[in-house]
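This is what each chain is made of:
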Amino acid sequence: MTTPAMHLAQEPAPSRAAGAPDDDRPWWRLERWWGFATGIAIGLGDLALTLLLGIRFEMNGLDVTLAALALYGGTFAAAGLLFGLVLEARRRDRRAAAIIAAQMETVAATRARLAQSEKLAALGQLAAAIAHEVRNALGIIRSAAQGLNEGLPSNDADAQRACSFITAEIDRLGSVVSSLLSFARPPRLAPRSVPVEALFEQALLLARQDLEAKDIRVVRPPRARTALDVRADSDLIVQVLIGLLANAADVVPRGGEVRLDAHATGAGLVEIDVADSGPGVPEHLRGRIFEPFFTTRDKGTGLGLAVARQIVEAHEGRIEVAERPGGGALFRIALPEARVERMGAVA
Ligand SMILES: Nc1ncnc2c1ncn2[C@@H]1O[C@H](COP(=O)(O)OP(=O)(O)O)[C@@H](O)[C@H]1O
Ligand SMILES: [Mg+2]
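Criteria and cut-off values
Residues numbered from 1 in each chain as written. Chains lettered and ligands numbered in written order. Predicted model: local features only at pLDDT ≥ 70, side-chain atom pairs only at ≥ 80, totals over all residues. Heavy atoms only, no water. Helix = DSSP H or I, 4+ residues; strand = E, 2+ residues; numbered from the N terminus. Contact = heavy atoms within 4.5 Å. Polar contact = N/O pair within 3.5 Å; in protein donor to acceptor, adjacent residues only side chain to side chain. Near = heavy atom within 4 Å. Areas by Shrake-Rupley, 256 points an atom, 1.4 Å probe, with all protein chains shown as cover. Nonpolar A, V, L, I, M, F, W, Y, C, P; charged D, E, K, R; others polar. Buried < 20%, exposed > 50% of the residue type's maximum accessible area, 1.4 Å probe, protein only. Core = buried A, V, L, I, M, F, W, Y, C linked by side-chain atoms within 4.5 Å. Domains from an automatic or database assignment. Salt bridge = Lys/Arg side-chain N within 4 Å of Asp/Glu carboxyl O.

Asks: Explain the environment of Asp-273 to me, please; I cannot follow it from the model alone.
Replies: You can see Asp-273 is positioned in strand β7 (residues 269-276). Each C-alpha atom of the pair Asp-273 and Phe-200 lies 11 Å from the other, and the pair is 73 residues apart in sequence. Apart from residues lying up to four places away in sequence, Asp-273 is in contact with Arg-259, Leu-260, Asp-261, His-263, Leu-330, Phe-331 and Arg-332. Within the structure, the side chain of Asp-273 is placed 2.8 Å from the side chain of Arg-332, a separation counted as a polar contact.

What follows is the structure, given as structure tokens:
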């Protein structure tokens, strides 16, 4: 829904402001008629005052008071009309300027998005090519290290430790390569109606180890509150949630908490919150953490949130970070609600 073309199409048509002579107000609210009416009113006022004061206009012995006042009144009315037209033109100019400014902003934003997605596409291709090469080599190195390890004399502890370092680091590189690959490949969705509860359940099951290792308490709202269905690819959204939980587990101090929640926005979206009691994301970094390769962690890849955003946006949803009330990070994912489908014939 948020392709650049759609964005532009949603802007007000420029011809309305720049080309069309009138704006969309009803005629009686246009300044020109107010100016005209004011001119006539002043003319009538002058007439009444002149008659009241007994002033008379004469020309060649004829009383031309009424004609003279009608002439004045007409002039006032014309002046009022002109003044009104000038005000309308100024108003139109201001409107046109505002619309042009808004369009320039949209065009700039679209251009930036396009540049970003082109950069990502190129980066993705490069990453995929390298990752494939690296993955093959890693596989060979790993099995060679394992072979070496098996051939080592059992009393050579140093060599055995070295071998286990090699395999552990290869496994870490392997997971970096996997996240690179999943970033490079645009996610292929198989969306269906999924209960948010099921997503929470699955994600917690898989992230439990990380959370338990640091005694992190997981707080979930009562089931009834999160009895919502989203239209989503459950595997991919679970992957996003696991990433958020892993990030939380990384920063939350021992004994802290992670809070899951969900609510419908009423606009056809369900917002899923993952909040933690960690240090939060500093305001100046909030715009950057979703960029690929942005990380503040020594062993981070900076791909977790970039992949998360890619997945959520493929669902026509969005992901944002904010500050959790009371401190900590609050990640909010908005996904399309599946309610419409449930009420229809599909369910
Ligand atoms: N829950 C969080 N609290 C504070 N900072 C976070 C949190 N989650 C992510 N971040 C910040 O966002 C950065 C990017 O995260 P991510 O894309 O998952 O990459 P990585 O985990 O490899 O660093 C992290 O390095 C960290 O600075
Ligand atoms: Mg991460």
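Asks: Would you mind going over the side chain of Thr-106 with me for this structure?
Replies: Note on placement: Thr-106 falls in helix α4 (residues 65-151). In terms of polar contacts, Thr-106 uses its side chain to reach the backbone carbonyl oxygen of Ala-102, at 2.8 Å.

Asks: Honestly, the site of ligand 1 in this entry has me stumped. Any pointers?
Replies: In the vicinity of ligand 1 lie 18 residues, with Asp-276, Thr-295, Thr-296, Arg-297 and Leu-305 positioned nearest. Within the contact set of ligand 1, a nitrogen atom lies 2.8 Å away from a side-chain nitrogen or oxygen of Asp-276. Thr-295 places a polar side-chain atom, nitrogen or oxygen, 2.5 Å from an oxygen atom of ligand 1. Coverage of ligand 1 by the protein amounts to 94% of the 540 Å² it exposes when considered alone. Elements that contribute at least two residues to the shell around ligand 1 include exactly α7 (234-251), α8 (304-314) and β9 (329-336). Tallied by class, the residues present in the shell around ligand 1 amount to eight nonpolar, eight polar and two charged.

Asks: I'm lost on unusual backbone geometry in this one. Help?
Replies: Leaving glycine aside, a negative phi is the common case for residues, and trans is the common case for peptide bonds. Unusually for a residue other than glycine, Asp-215 sits at a positive phi of about 55°. Structurally, Asp-215 is set in the loop between α6 (196-213) and β4 (217-219). If you check the backbone angles, Glu-316 has positive phi at about 60° while not being a glycine. Within the secondary structure, Glu-316 is located in the loop between α8 and β8 (318-323). For Glu-316, a relative accessible area of 51% puts it in the exposed group.

Asks: What is the right way to look at the nonpolar core in this model?
Replies: Across soluble globular proteins, you tend to see nonpolar side chains buried next to one another. Ranked by size, the top nonpolar core spans 49 residues in total, and within it Leu-241, Ile-272, Ile-289, Phe-331 and Ile-333 carry the most contacts. Sorting elements by how many residues they give to this core places α7 first, with nine residues. Domain assignment of the residues forming this core places at least three in each of domain 1 (26-186) and domain 2 (192-346). When near neighbours in sequence (up to four residues on either side) are disregarded, Phe-331 contacts Leu-244, Ile-272, Asp-273, Val-274, Val-281, Ile-289, Phe-290, Leu-305, Glu-320 and Val-321. Residues Ala-128, Ala-131, Leu-138 and Val-177 belong to the second largest nonpolar core, which totals six residues.

Asks: In this structure, what is going on with the environment of Ala-145? I would like to understand it.
Replies: Here Ala-145 is to be found in helix α4. Those residues in contact with Ala-145 that lie beyond four places of it in its chain are Cys-163, Ile-166 and Thr-167.

Asks: Help me out: how do you make sense of the pattern of salt bridges in this one?
Replies: Tallying each qualifying case throughout the model produces 20 salt bridges. Its salt-bridge partner being Arg-259, residue Glu-257 comes within 3.2 Å of it at the nearest N-O pair. According to the relative accessible area criterion, Arg-259 is partly exposed, its value standing at 38%. A salt bridge links Glu-291 to Arg-288, with the nearest nitrogen and oxygen atoms 3.6 Å apart. Beyond isolated ion pairs, a larger network of salt bridges with shared partners links Glu-271, Asp-273, Arg-318, Glu-320 and Arg-332.

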